[in-house]
Amino acid sequence: MLRLQVSQGRRLTYRDLALMAGTSERTMAEWMRGATSPMAMNGLLNLMSALKADDAIQVLTLWRETAQQDLTSADKAPEIQK
């Protein structure tokens, strides 16, 4: 299984990346090979590459904080009875 080397010596598999992206391992493998790519990701990467590095980091930091808040809120929400 191919692994991606990321910061601090952490290695991620396609399975790890797929879980983080909310997609299948096969889809992630196709994205990484360049066989396919999500249209929204292309637009997002174009936007991020147009930003200065500090601005891109600020956007990613805010996104991460918002995503963590959303997860915390979802955990606290009462379960819906079927």
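Residues numbered from 1 in each chain as written. Predicted model: local features only at pLDDT ≥ 70, side-chain atom pairs only at ≥ 80, totals over all residues. Heavy atoms only, no water.

## As for the overall build of the protein chain
Then step 1. Looking only at helices and strands, the protein chain has four helices and two strands in total.
Then step 2. Reading the protein chain from its N terminus to its C terminus gives the helix and strand order β-β-α-α-α-α.
Then step 3. Across the 82 residues that make up the protein chain, the buried fraction comes to 12%.
Then step 4. At a minimum sequence separation of 6, the contacts of the protein chain that also span at least 24 residues come to 5%. (Helix = DSSP H or I, 4+ residues; strand = E, 2+ residues; numbered from the N terminus. Buried < 20%, exposed > 50% of the residue type's maximum accessible area, 1.4 Å probe, protein only. Contact = heavy atoms within 4.5 Å.)

## As for the nonpolar core
Then step 1. By size, the foremost hydrophobic cluster in this structure holds six residues: Leu12, Tyr14, Leu17, Ala18, Met28 and Ala29.
Then step 2. Among the elements of the structure, helix H1 (14-21) and helix H2 (25-33) are those that each provide at least two residues to this core. (Core = buried A, V, L, I, M, F, W, Y, C linked by side-chain atoms within 4.5 Å.)

## Describing the packing of H1 against H2
Then step 1. Relative orientation of the contacting elements H1 and H2 amounts to 105°, with a least axis distance of 8 Å. Taken together, the axes of H1 and H2 are roughly perpendicular relative to one another. Contacts from Tyr14, Arg15, Leu17, Ala18 and Ala21 of H1 reach H2 at Glu25, Met28, Ala29, Trp31 and Met32.
Then step 2. In the contact of H1 with H2, the residues fall into eight nonpolar, no polar and two charged. (Axes fitted to C-alpha atoms, helices over the stretch in contact; angles between N-to-C directions. Parallel < 35°, antiparallel > 145°, perpendicular 65-115°, else oblique. Nonpolar A, V, L, I, M, F, W, Y, C, P; charged D, E, K, R; others polar.)

## Description of helix H3 (residues 39-50)
Then step 1. Here H3 spans 17 Å end to end across twelve residues, near enough to the 16 Å set by a 1.5 Å rise per residue.
Then step 2. Counting buried residues in H3 gives one out of twelve residues, a small share hidden from the surface. (Expected span 1.5 Å × (residues − 1).)

## Points about the pattern of salt bridges
Then step 1. For the structure shown, the criterion picks out two salt bridges.
Then step 2. Across the salt bridge formed by Glu25 and Arg15, the nearest N and O atoms sit 3.3 Å from each other. Separated by ten residues along the polypeptide, Glu25 in helix H2 and Arg15 in helix H1 bring together distant segments of the chain.
Then step 3. Classification of Glu25 as partly exposed rests on a relative accessible area of 28%.
Then step 4. Residue Arg15 is classed as partly exposed on the basis of its relative accessible area of 46%.
Then step 5. For Glu30, the salt bridge identified is with Arg26, shortest N-O distance 3.3 Å. Residue Glu30 and its partner Arg26 are located together in helix H2, separated by four residues, close to a single helical turn.
Then step 6. Arg26 gets classed as exposed once you look at its relative accessible area, which sits at 66%. (Salt bridge = Lys/Arg side-chain N within 4 Å of Asp/Glu carboxyl O.)

## Considerations on the layout of surface pockets
Then step 1. A volume near 980 Å³ is recorded for the largest pocket.
Then step 2. What lines the largest pocket is a set of 18 residues, and nearest its centre among them are Met20, Ala21, Leu44, Leu60 and Trp63.
Then step 3. Mapped onto the lining of the largest pocket, the elements with two or more residues apiece are H1, H2, H3 and helix H4 (53-76).
Then step 4. Residue composition of the lining of the largest pocket, grouped by class: 17 nonpolar, no polar and one charged. (1 Å grid on protein atoms, 1.4 Å probe; cavity = no way out; pocket = protein on both sides within 12 Å on 5 of 7 lines; lining within 4 Å. Points joined across faces, edges and corners; volume = space filled by probe spheres on them.)

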